[in-house]
Amino acid sequence: MPKQSAGILLYRGINASLEVFLVHPGGPFYKKKDAGAWTIPKGEFTADEDPLAAAKREFLEETGQSISGEFIALTPIKQPGGKIVYAWAVAGDIDPEELRSNLFSLEWPPRSNKFQNFPEVDKGAWYSLDEARIKLLAAQLPLLDYLQEATIK
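Given the structure is predicted, the values throughout are model-derived calculations rather than measurements.

Some words on the side chain of Ser5
- Here Ser5 lies in strand E1 (residues 4-12).
- Not counting chain neighbours up to four residues away, the residues in contact with Ser5 comprise Lys42, Gly43, Glu44, Phe45, Lys83, Ile84, Val85 and Tyr86.

A word on the packing of aromatic side chains
- Summed over all chains, the structure comprises five aromatic pairs.
- Relative to Tyr127, the ring of Trp38 has its centre 5.3 Å away and its plane inclined at 85 degrees; by these criteria the two rings are edge-to-face. With Trp38 in the loop between strand E2 (19-25) and strand E3 (42-44) and Tyr127 in strand E9 (residues 121-128), this residue pair connects regions lying 89 residues apart in the sequence.
- The exposure class of Trp38 is buried, given its relative accessible area of 2%.
- On the basis of relative accessibility, which here comes to 11%, the residue Tyr127 falls in the buried class.
- Just above the ring of Trp126 sits the side chain of Arg12; from NZ or CZ to the centre is 4.1 Å.
- Its guanidinium or amino end placed over the ring of Tyr30, Lys33 lies 5.6 Å from that ring's centre, counting from NZ or CZ.

So, helix H3 (residues 141-151)
- Those residues of H3 lying buried are Leu143, Leu144, Leu147 and Thr151. Projected onto a plane normal to the axis of H3, the buried residues spread over an arc of 105 degrees and lie on a single side.
- Contact partners of the buried residues in H3: E1, E2, strand E5 (77-78), strand E6 (84-91) and helix H2 (129-135).

So, how was this worked out
- Residues numbered from 1 in each chain as written.
- Predicted model: local features only at pLDDT ≥ 70, side-chain atom pairs only at ≥ 80, totals over all residues.
- Heavy atoms only, no water.
- Helix = DSSP H or I, 4+ residues; strand = E, 2+ residues; numbered from the N terminus.
- Contact = heavy atoms within 4.5 Å.
- Phe/Tyr/Trp six-rings, centres within 6.5 Å; stacked < 30°, edge-to-face > 60°.
- Buried < 20%, exposed > 50% of the residue type's maximum accessible area, 1.4 Å probe, protein only.
- Lys NZ or Arg CZ within 6 Å of the ring centre and 35° of its normal.
- Arc of directions from axis to C-beta.

Structural data, given as structure tokens:
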């Protein structure tokens, strides 16, 4: 079975003025990467876990903020490595300055036997859909189209 992740595509505004909240991965590998490196807050879950519950948990872990509202299931996407990403869109508003991410441990520098803690997410920001198409990982771009389809009244 391929790995699977669940995430939240938080949005605000309506139709042409939609903005989405994206996060930038933390750690040394993404430090100097920007365009095409951002993602929705998401994380892996197990087969016995409810995907929406996992998405909410991951949002909390990566942003430090809980989210509620009417969750809209988006069509799952398959990333190049085979991972399936299940995502839900929900209207809301959070302050990127209040972002508090959990940490992960990594041997850094490589083969040094020294481990450092890094935030899983080092920053978050609101982007227009046009800006998000530049920032977001290519494999996750269809989520923006699915969001637009779901929010057209």
